[in-house]
Amino acid sequence: PHQHDIPSRFPSTGLNENYCRNPDGWDRPWCYTTNPNNRWQYCSIPTCYPGECYRGDGASYRGTVSVSSSGRRCQRWDSQSPHGHDRTPQNYPQAGLVQNYCRNPDDDTSPWCYTVDPTVRVEFCPLPVCDDTA
């Protein structure tokens, strides 16, 4: 239901069918919607982090992924803005709460982080469980 000229403006970017793409260099892939009240939306495509995975519930994960599954940047663990919290390096000294890296300091189901988006407090991170069969 939305008129646009994206395929003609970006002729060599593989804009065939109804797939999510990022021809104009926005934050991440997006698509036009069929909802007349919502012209476009970002697509939920997991980001790949080669070599980054976690075991069990992720409490031992010490990698450097610092974005949530929706693509939001993670808030630093030593910061109280925009979200105040008690999951600090001082309160959880063994949890590896450094910079804004995804962690699981409190026995949740997988690594997560506070986001820098004031409207979204916490999200899980786009990390796969390690495949130990290889």
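No experiment lies behind these values; they were computed from the predicted model shown.

What counts and what doesn't
- Residues numbered from 1 in each chain as written.
- Predicted model: local features only at pLDDT ≥ 70, side-chain atom pairs only at ≥ 80, totals over all residues.
- Heavy atoms only, no water.
- Disulfide = S-S within 2.5 Å.
- Helix = DSSP H or I, 4+ residues; strand = E, 2+ residues; numbered from the N terminus.
- Buried < 20%, exposed > 50% of the residue type's maximum accessible area, 1.4 Å probe, protein only.
- 1 Å grid on protein atoms, 1.4 Å probe; cavity = no way out; pocket = protein on both sides within 12 Å on 5 of 7 lines; lining within 4 Å.
- Points joined across faces, edges and corners; volume = space filled by probe spheres on them.
- Nonpolar A, V, L, I, M, F, W, Y, C, P; charged D, E, K, R; others polar.

## Section: the state of the cysteines
Okay, step 1: For the structure on display, the rule yields four disulfides.
Okay, step 2: Between the sulfur of Cys 20 and that of Cys 43 lies a disulfide, 1.9 Å long from S to S. The disulfide joining Cys 20 to Cys 43 has a torsion of about -90° about its S-S bond and is therefore left-handed. On the criterion of sequence distance, the pair formed by Cys 20 in the loop between helix 1 (6-9) and strand 1 (30-32) and Cys 43 in the loop between strand 2 (40-42) and strand 3 (112-114) is long-range, its members being 23 residues apart.
Okay, step 3: Here Cys 20 falls in the partly exposed class, since its relative accessible area comes to 24%.
Okay, step 4: Classification of Cys 43 by relative accessible area gives buried; the value is 10%.
Okay, step 5: Two residues share a disulfide in this structure: Cys 102 and Cys 125, whose sulfurs sit 2.0 Å from each other. Judged by the torsion about the S-S bond (-90°), the Cys 102/Cys 125 disulfide is left-handed. Placement of Cys 102 in the loop between strand 2 and strand 3 and of Cys 125 in the segment after strand 4 (122-124) is noted, with a sequence separation of 23 residues between them. One exposure class covers both Cys 102 and Cys 125, and it is buried.

## So, the layout of surface pockets
Okay, step 1: By volume, the largest pocket amounts to about 310 Å³.
Okay, step 2: Lining the largest pocket are 17 residues, with His 4, Glu 17, Asn 18, Cys 31 and Tyr 32 positioned closest to its centre.
Okay, step 3: For the lining of the largest pocket, the secondary-structure elements that each account for two or more residues are helix 1 and strand 1.
Okay, step 4: Considering each element in turn, the lining of the largest pocket owes the most residues, three residues, to strand 1.
Okay, step 5: When the residues that make up the lining of the largest pocket are grouped by side-chain class, the tally is nine nonpolar, six polar and two charged.

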